[in-house]
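# Examination of the molecular architecture
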2 protein chains.
Amino acid sequence: MSGQALSALADPTRRELLERLARGEASATVLARDLPISRQAVVQHLGVLDAAGLVRSSRHGREVRWSPRPDGLIAAAAWLTGLAEEWDRRLAAIKAIAEG
Amino acid sequence: MSGQALSALADPTRRELLERLARGEASATVLARDLPISRQAVVQHLGVLDAAGLVRSSRHGREVRWSPRPDGLIAAAAWLTGLAEEWDRRLAAIKAIAEG
DNA sequence: ATGTGGTGCAACCTCAGGCTTGCACATCAA
DNA sequence: TTGATGTGCAAGCCTGAGGTTGCACCACAT
């Protein structure tokens, strides 16, 4: 579940792009200006984020603007918290047995 | 932040290991029995998870048992939800302007 | 003492991911 | 129409992650 989102979030450049998009939509060319990589690299990263359902694109004339999409992120976070809670329950049970 | 945890969680095998450990601690040899990979591969995955603060190991005689550690997972989930909330606020603001 | 099962270390291989470069196509302004 | 700017496509490079194999080292039981 939501594995695509997690592997998309694994890359630091992609996380930087997401935080940048959280402050307003932007095109790949503009995004590349603030990064030490080429525009094409940014485009590929955006493609990965798009496939993971974390961003969406909209054409405006000759430029393509990208904006964040919270759904996938929320799903990934839910998966993590779910697993964390399971661990907590499990560890609490072990502790209780040890102290019993 | 918590990038190590996210990249550790990116691999499906590692996520499977975590879910397996959530049902009780186990050794690398035992874990490898349920997986289509060698014990050494499992050991390396556990090393990554350990470096990310997601598991811990304890020696019992000649075997090493691994157990989950929720802290890193909670931190990663918090990072995700924080970013998701920021996106929600931003998108809500844009929508409000558009409707205004 | 000896065999057996679990672990640690290291070298090696393979392939996908991240990035670049080059060029063609589309859009807007003069 | 011409030039400038933004995008799309494709081929290619290169490092690192995931995996394997082989062997040496401990701990336990007989």
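Note: the structure precedes this text.
Residues numbered from 1 in each chain as written. Chains lettered and ligands numbered in written order. Predicted model: local features only at pLDDT ≥ 70, side-chain atom pairs only at ≥ 80, totals over all residues. Heavy atoms only, no water.

Moving on, we get to the sheet that holds strand S2 (residues 55-60) of chain A. Residue and element names in this part refer to chain A. Strand order in the open sheet formed by three strands is S1-S3-S2, with antiparallel pairing between adjacent strands. Every other strand in the sheet has two partners, leaving strand S1 (26-27) and S2 as the edge strands with one partner each. Two elements, S1 and strand S3 (residues 63-68), share two bridges in a ladder whose sense is antiparallel. Pairing of Ser 27 across the sheet is with Arg 65, part of S3. Relative to the sheet, helix H4 (residues 39-51) contacts S2 and S3, its axis offset from that of S2 by approximately 120 degrees. (Pairing = 2+ DSSP bridges. Helix = DSSP H or I, 4+ residues; strand = E, 2+ residues; numbered from the N terminus. Contact = heavy atoms within 4.5 Å. Axes fitted to C-alpha atoms, helices over the stretch in contact; angles between N-to-C directions.)

Further remarks concern the protein's contact with DNA strand D. Within the structure, DNA strand D sits among 21 residues, and Thr 29 and Gln 40 of chain A together with Arg 14, Ser 38 and His 45 of chain B are positioned closest to it. Here the atoms of DNA strand D within 4 Å of the protein split so that 56% fall in sugar or phosphate, with bases taking the remainder. Measuring from a phosphate oxygen of DNA strand D, one finds a side-chain N or O atom of Arg 14 of chain B at 2.9 Å. Separating a base nitrogen of DNA strand D from a side-chain N or O atom of Arg 62 of chain B is a distance of 3.0 Å. Those elements that provide at least two residues to the surface near DNA strand D are helix H3 (28-33), H4 and S3 of chain A together with helix H2 (12-21) and helix H4 (39-51) of chain B. Of the residues that constitute the surface near DNA strand D, the class distribution is four nonpolar, nine polar and eight charged. (Near = heavy atom within 4 Å. Polar contact = N/O pair within 3.5 Å; in protein donor to acceptor, adjacent residues only side chain to side chain. Nonpolar A, V, L, I, M, F, W, Y, C, P; charged D, E, K, R; others polar.)

The next subject is the pattern of salt bridges. Applying the stated criterion to the full structure yields six salt bridges over all chains. The residue Arg 65 of chain A makes a salt bridge to Glu 25 of chain A at a minimum N-O spacing of 3.7 Å. Linking Arg 65 of chain A in strand S3 with Glu 25 of chain A in the loop between helix H2 (12-21) and S1, this pair joins segments that are 40 residues apart in sequence. Using a relative accessible area of 26% as the deciding quantity, one classes Arg 65 of chain A as partly exposed. The closest approach of N and O atoms between Arg 65 of chain B and Glu 63 of chain B, which form a salt bridge, is 3.1 Å. Shared partners join several salt bridges into a network, and the residues in it are Glu 25, Glu 63 and Arg 65 of chain A. (Salt bridge = Lys/Arg side-chain N within 4 Å of Asp/Glu carboxyl O. Buried < 20%, exposed > 50% of the residue type's maximum accessible area, 1.4 Å probe, protein only.)

Moving on, we come to the relation of the copies chain B and chain A. When chain B is fitted to chain A, the best match, at an RMSD of 0.0 Å, comes from turning it 180 degrees and sliding it 0.0 Å along the axis. Those values place the two copies in the arrangement expected of a two-fold rotation axis. For chain B, the residue whose C-alpha comes nearest the rotation axis is Ala 77 of chain B, separated from it by 2.4 Å. Both copies share a contact surface, since 100% of the interface residues of chain B are interface residues in chain A too. (Least-squares fit on C-alpha atoms with pLDDT ≥ 70 in both.)

Spatial relationships are all this shows, so hold off on functional conclusions.
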